[in-house]
Amino acid sequence: NAGVTQTPKFQVLKTGQSMTLQCAQDMNHNSMYWYRQDPGMGLRLIYYSASEGTTDKGEVPNGYNVSRLNKREFSLRLESAAPSQTSVYFCASSRPSGGPVTEAFFGQGTRLTVV
Amino acid sequence: GENVEQHPSTLSVQEGDSAVIKCTYSDSASNYFPWYKQELGKRPQLIIDIRSNVGEKKDQRIAVTLNKTAKHFSLHITETQPEDSAVYFCAARVRGGSQGNLIFGKGTKLSVKP
């Protein structure tokens, strides 16, 4: 049982390049999330998906797109990376099918640097 | 939407003392309040949570209290140890709808000095 797995762990991009962060969970969770973490700013929600086939914007969605490929996978795409997107990105999931609200389980994070 | 304020941003205590971190939330519909601990370079991990139908919950040296009327909740750590040093985040989840929003406070960096 791997929990939440995200790739890659580290990435350096040049301004204007694109990339996709991958996330997969094996806990049969309905909800999945992408957060970014910056010093002094806590964890800010970029996008979330309450269930397969649905996605919604969070607090800081500009510059990002997401895809809920299936129940297990939720990807985050940067179409044209900017230095302001330098951050640590965390994927998370929660809420088993038919169950109550539960804690969010986090992936190990992706440290992204845009130069 | 929900807004979560967390104080203090940094907290330094002597080993063996107690530490208290406080959070307030804005949406009275929020019904689930987890606390996460994040060690340097690691992912956030749940240490304790409380639901809106409970006023207090305790797990060994850690306790959380919830005041729904005032819309605030607090984390209490007793007999602190150096391994408690980390960043702690509170969060609130809004009931109903898509249940998609888990909103975090900005974090408290706790330092426990031996």
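In this text, all values refer to a predicted model and were calculated from it rather than measured experimentally. (Residues numbered from 1 in each chain as written. Chains lettered and ligands numbered in written order. Predicted model: local features only at pLDDT ≥ 70, side-chain atom pairs only at ≥ 80, totals over all residues. Heavy atoms only, no water.)

(A) View of the overall build of chain A. Counting its secondary structure elements, chain A contains zero helices and 11 strands. Order of helices (α) and strands (β) in chain A, N terminus to C terminus: β-β-β-β-β-β-β-β-β-β-β. Here the C-alpha atoms of chain A give a radius of gyration of 13 Å, agreeing with the 13 Å that 2.2 N^0.38 yields for 115 residues. Along the longest, intermediate and shortest principal axes, the C-alpha atoms of chain A span 45 × 25 × 25 Å. Looking at the 115 residues of chain A, the share that counts as buried comes to 48%. Pairs at least 24 residues apart make up 56% of the contacts formed inside chain A by residues separated by at least 6 positions. Counting every atom, chain A has about 5,100 Å² of accessible surface; 50% of that belongs to carbon and sulfur. (Helix = DSSP H or I, 4+ residues; strand = E, 2+ residues; numbered from the N terminus. Rg over C-alpha atoms; globule rule 2.2 N^0.38 Å. Buried < 20%, exposed > 50% of the residue type's maximum accessible area, 1.4 Å probe, protein only. Contact = heavy atoms within 4.5 Å. Areas by Shrake-Rupley, 256 points an atom, 1.4 Å probe, with all protein chains shown as cover.)

(B) Summary view of the nonpolar core. Judged by nonpolar contacts, the single largest core of 24 residues is most densely connected at B:W35, B:F73, B:L75 and B:L110. Going through the elements one at a time, β2 (10-14), β3 (19-25), β4 (30-38), β5 (45-51), β7 (62-67), β8 (72-77), β9 (86-94) and β11 (108-113) of chain B are the ones with two or more residues in this core. In terms of nonpolar packing, the next biggest core, distinct from the first, is built from 19 residues, A:L21, A:C23, A:W34 and A:V114 among them. (Core = buried A, V, L, I, M, F, W, Y, C linked by side-chain atoms within 4.5 Å.)

(C) Inspection of the environment of B:V13 at higher detail. Along the polypeptide, B:V13 turns up in strand β2. Along the primary structure B:V13 and B:Y25 are separated by 12 residues, whereas in three dimensions their C-alpha atoms are 26 Å apart.

(D) Layout of the layout of surface pockets. By volume, the largest pocket is sized at about 1,000 Å³. Taken together, 44 residues form the lining of the largest pocket, with A:Q37, A:D38, A:P39, B:Q38 and B:F89 sitting closest to its centre. Looking at the lining of the largest pocket, the elements that each hand over two or more residues are β4 (29-38), β5 (42-49), β9 (87-96) and β11 (110-114) of chain A together with β1 (4-7), β9, β10 (102-104) and β11 of chain B. Here the lining of the largest pocket is composed, by residue class, of 14 nonpolar, 19 polar and 11 charged. (1 Å grid on protein atoms, 1.4 Å probe; cavity = no way out; pocket = protein on both sides within 12 Å on 5 of 7 lines; lining within 4 Å. Points joined across faces, edges and corners; volume = space filled by probe spheres on them. Nonpolar A, V, L, I, M, F, W, Y, C, P; charged D, E, K, R; others polar.)

(E) The arrangement of the state of the cysteines in detail. Residues and elements named next belong to chain A. Evaluated as defined, the whole model comprises two disulfides over all chains. C23 shares a disulfide with C91; S-S distance 1.8 Å. Linking C23 and C91, the disulfide has an S-S dihedral of approximately -75° and is accordingly described as left-handed. With a gap of 68 residues between them, C23 in strand β3 (residues 19-25) and C91 in strand β9 connect regions that are remote in the sequence. Taken as a pair, C23 and C91 share a single burial class, namely buried. (Disulfide = S-S within 2.5 Å.)

(F) Summary view of the pattern of salt bridges. The final tally for this structure, using the stated rule, is seven salt bridges over all chains. Measuring nitrogen to oxygen at the nearest pair gives 3.9 Å for the salt bridge that ties B:E39 to B:K42. Looking at B:K42, the relative accessible area reads 47%, which means it is partly exposed. One network of salt bridges, with partners in common, ties together A:R36, A:D38 and A:R44. (Salt bridge = Lys/Arg side-chain N within 4 Å of Asp/Glu carboxyl O.)

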